[in-house]
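Topology and contacts: notes
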Amino acid sequence: MSARGFFITMEGGEGVGKSTSLFYLEALLTARGVDVVTTREPGGTRLGEEVRELLLRVRGEPVDAVAELLLIFAARAQHINALIEPALAAGKWVLSDRFTDATYAYQCGGRGVDRDKVEQLERLVQGTLRPDFTLLLDAPVEVGMQRARERGALDRFERETRLFFERVRQGYLRQAQDQAGRYRVIDAGQPLETVQKMLTAFSDELLARWATTGTGL
Ligand code: Z5A
C-alpha cells in the first residue's frame, strides 16, 4: 500500500501568478519523481467546472453572498470525493490552485460572511481534510489587478473594487500568521525568476519533509 500523498495548495489575490507558479512547481516535483495531480478551485471536476462558470459569469443581478458560498462548497464536495481524496490515498501529491483558505479570504474577508458559517461547511464537506502546506503568493493589490487587466475581459470577481481586494489580501496575511506551520509566504511582486528561485527552495523543503516522513520517494 502506498503512503498518503501531500496536499499542497496555492493561494493569493487575483493575478498574483498562482497558475504560473503552480505549473512551475508541478514541473519541479515531476522532475524529482513525484506523481503529481494538478487541479483548481472552483473546478477540478466536470461538475466543479460548471459551477465555476456559474460563479465567474458576469450577471445582471447581484449574487447573494451565502448563495455564492454554498456553490463554492458544493463544487468542493465533488472535488474532494471524486479527485482529491482518491489521489492522496493512491500516494499522489495534489497541487490545488486555491482551496478553503480562499473562502476565508474572499467570502469572509471580502464579502463579510461570518467565519462560523464557513467553519460549519468546512467540517461538513471536508471532515478532517486540510492542506499539508499552503503557499501564499502575496503582492500589492495594484500589481495583481494590473496583471489581470492586461489579460483582457474581467470576470465577476475581477470587477470587484480595490478595497475588496485589500480586505482579501489582509485576510490571507492574517491566516498565514495564525497558521504559520503550514503556510509559506512568497513575495510575488518580485520578477518571475526570483519567484521561481523561491519555488525551488519550497520544493526542496517539501521533498526533505517527505523523506523524513519515512515513506521516501
Ligand atoms: N474564489 C472565491 O471567491 N472563493 C473560493 O473559495 C475560491 C475561489 C476557491 C477564480 O479564481 C475566482 O474564484 C477568484 C476568487 C474566487 N477570483 N478572483 N479574483 P482564479 O484563481 O481562477 O482567479 P484569479 O485569482 O484571477 O487567478 P488567475 O486569473 O488564474 O491569476 P493567477 O493564477 O494568480 O495569475 P497567472 O495567470 O499565473 O498570472 C497572471 C499574469 O501575470 C500572467 O500574464 C503571468 O505571465 C504574469 N506573471 C505571473 N507572475 C509574474 C511575475 N512574478 N512577474 C511578472 N509577471 C508575472
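Below: a short report on this structure. In this text the structure is predicted, and so the values were computed from the model without any measurement.

Some thoughts on the site of the ligand
- Taken together, 29 residues form the shell around the ligand, and within it Ser19, Thr20, Arg52, Arg98 and Arg151 come nearest.
- A distance of 2.8 Å separates a nitrogen atom of the ligand from a polar side-chain atom of Gln107.
- Within the side chain of Glu158, one N or O atom sits 3.3 Å away from an oxygen atom of the ligand.
- Here the ligand has 1,000 Å² of accessible area as a free molecule, and 83% of this is covered by the chains.

Brief notes about the sheet that holds strand E1 (residues 7–12)
- Sheet architecture is open: 5 strands sit in the order E2-E3-E1-E4-E5, paired in parallel fashion. What marks the edges here is a single partner per strand, and that holds for strand E2 (36–40) and strand E5 (183–187). Strand-to-strand twist across the sheet, computed as the mean angle between neighbouring axes with direction ignored, equals 20°.
- In this structure, E2 lies alongside strand E3 (residues 93–97), joined through 5 bridges in parallel fashion. Paired with Arg40 across the strands is Asp97, a residue of E3.
- Together, E1, E3, strand E4 (133–138) and E5 form the strand contacts of helix H8 (residues 192–212), whose direction differs from that of E5 by roughly 165°.

Regarding the pattern of salt bridges
- Here the structure, examined in full by the defined rule, presents 20 salt bridges.
- In this structure, Arg32 engages Asp204 in a salt bridge whose closest nitrogen and oxygen atoms are separated by 3.1 Å. Taken together, the residues span a long stretch of sequence, with Arg32 in the loop between helix H1 (18–31) and E2 and Asp204 in helix H8 at a distance of 172 residues.
- Judged by its relative accessible area of 46%, Arg32 falls in the partly exposed class.
- Exposure remark for Asp204: the relative accessible area of 36% places this residue in the partly exposed category.
- Two residues, Arg151 and Glu158, come together in a salt bridge whose shortest N-O distance is 2.9 Å.
- Each of the salt bridges in this network shares a partner with another, and the network as a whole consists of Glu68, Arg111, Arg156 and Glu160.

Quick look at the nonpolar core
- Counting residues in hydrophobic clusters, the biggest one holds 23 residues, and the most contacted among them are Ile8, Leu29, Trp93, Leu95 and Phe202.
- At the level of elements, E1, H1, E3, E4 and H8 are the ones that each hand at least two residues to this core.
- Examining the composition of this core, we find that 6 residues originate from one element, H8, more than from any other.
- Apart from the residues lying within four places of it in its own chain, the contact partners of Phe202 are Ile8, Leu25, Phe133, Leu135 and Arg184.

Section: the pairing of E1
- The element E1 is extensively covered by neighbouring structure, given that 6 of its 6 residues are classed as buried.
- A two-sided burial pattern is seen for E1, the buried positions comprising Phe7, Thr9 and Glu11 on one face and Ile8, Met10 and Gly12 on the other.
- Both E1 and E3 contribute to a ladder of 4 bridges, which runs parallel. Along E3, the bridge assignment pairs Met10 with Asp97.

About the criteria used
- Residues numbered from 1 in each chain as written.
- Predicted model: local features only at pLDDT ≥ 70, side-chain atom pairs only at ≥ 80, totals over all residues.
- Heavy atoms only, no water.
- Near = heavy atom within 4 Å.
- Polar contact = N/O pair within 3.5 Å; in protein donor to acceptor, adjacent residues only side chain to side chain.
- Areas by Shrake-Rupley, 256 points an atom, 1.4 Å probe, with all protein chains shown as cover.
- Pairing = 2+ DSSP bridges.
- Helix = DSSP H or I, 4+ residues; strand = E, 2+ residues; numbered from the N terminus.
- Axes fitted to C-alpha atoms, helices over the stretch in contact; angles between N-to-C directions.
- Contact = heavy atoms within 4.5 Å.
- Salt bridge = Lys/Arg side-chain N within 4 Å of Asp/Glu carboxyl O.
- Buried < 20%, exposed > 50% of the residue type's maximum accessible area, 1.4 Å probe, protein only.
- Core = buried A, V, L, I, M, F, W, Y, C linked by side-chain atoms within 4.5 Å.

Structural measurements only, silent on function.
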